[in-house]
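Examining the three-dimensional arrangement
Read off the chains here:
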Amino acid sequence: MDAQLSPKLQDYLAKKGYAAIVVELVDSATSTSGFADVVCRPVNAKGAALAEPGVVRRLATNGCDVLVCARALEYDDDIRFDLRSFLGIKDITVEGIRAWRL
């Protein structure tokens, strides 16, 4: 399994002083619909230490640690993390990791 960060994301993490990326699963199980999605958020060293007890898997990348805190995920052979920006709001996107489905 190969996990890579885009150069834009690497620059952003270094500039802001983030030490890791935490990958979590957000799900909604309402009476009318249910969905699950993968959410990525950058954390500093203190945030990484707080997330450590819930880490299920650790991915080695070319820039920082990726701490996966969700069990029900499917992984591709190639995983790519990138930075997206909309109206000044930064968002980490991931391709190659998705919520498990039937």
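Here, every reference points to the structure presented above.
This write-up is about the structure you can find in this document.

Quick notes on the rules
- Residues numbered from 1 in each chain as written.
- Predicted model: local features only at pLDDT ≥ 70, side-chain atom pairs only at ≥ 80, totals over all residues.
- Heavy atoms only, no water.
- Core = buried A, V, L, I, M, F, W, Y, C linked by side-chain atoms within 4.5 Å.
- Buried < 20%, exposed > 50% of the residue type's maximum accessible area, 1.4 Å probe, protein only.
- Helix = DSSP H or I, 4+ residues; strand = E, 2+ residues; numbered from the N terminus.
- Contact = heavy atoms within 4.5 Å.
- Arc of directions from axis to C-beta.
- Salt bridge = Lys/Arg side-chain N within 4 Å of Asp/Glu carboxyl O.
- Phe/Tyr/Trp six-rings, centres within 6.5 Å; stacked < 30°, edge-to-face > 60°.
- Lys NZ or Arg CZ within 6 Å of the ring centre and 35° of its normal.

**Observations concerning the nonpolar core**
Within the largest apolar cluster, 21 residues are counted, with the highest numbers of intra-cluster contacts made by L9, I21, V23, C40, F81 and I97. If you list the elements that add at least two residues to this core, you get β1 (2-5), α1 (7-16), β2 (20-29), β3 (34-43), β5 (65-68), β6 (73-86) and β7 (89-99). Among the elements that make up this core, the one with the highest residue count is β6 (4 residues). If we ignore the near neighbours within four places in the chain, the residues touching V23 are V38, V39, C40, V66, L67, V68, C69, A70, L73 and F81. In terms of nonpolar packing, the next biggest core, distinct from the first, is built from 6 residues, A20, V43, A48 and A51 among them.

**A closer look at the side chain of S6**
Relative to the elements of secondary structure, S6 occurs in the loop between β1 and α1. With a relative accessible area of 15%, S6 lands in the buried category. When residues no more than four places from it in sequence are discounted, the contact partners of S6 are F81, D82 and L83.

**Side note on α1**
Side chains that are three or four residues apart share a direction in an α-helix, a result of its 3.6 residues per turn. Along α1, the residues that are buried comprise L9, Y12 and L13. The arc that holds the buried residues of α1, viewed along the axis, is 95°, so those residues lie on one side. Exposed and facing more than 90 degrees away from the buried side of α1 are P7, D11, A14 and K15. Phi turns positive one or two residues past the end of α1, at G17, with a value near 80°.

**A word on the pattern of salt bridges**
Applying the stated criterion to the full structure yields 7 salt bridges. In this structure, D2 and R80 form a salt bridge, with 3.6 Å as the shortest nitrogen-oxygen distance. Taken together, the residues span a long stretch of sequence, with D2 in strand β1 and R80 in strand β6 at a distance of 78 residues. When salt bridges with common partners are traced through the structure, they connect E52, R58 and D65 into a single cluster.

**Description of the packing of aromatic side chains**
Per the counting criterion, the structure on display carries 1 aromatic pair. Aromatic pair Y12 and Y18: ring centres 6.1 Å apart, planes at 40°, arrangement tilted. You can call Y18 partly exposed: its relative accessible area is 28%. For R57, the ring lying beneath its charged end belongs to Y75, and the centroid distance is 4.3 Å.

**Details of unusual backbone geometry**
The residue L87 is not glycine, and still its phi comes out positive at about 55°. Within the secondary structure, L87 is located in the loop between β6 and β7. Residue L87 is classed as exposed on the basis of its relative accessible area, which comes to 76%.

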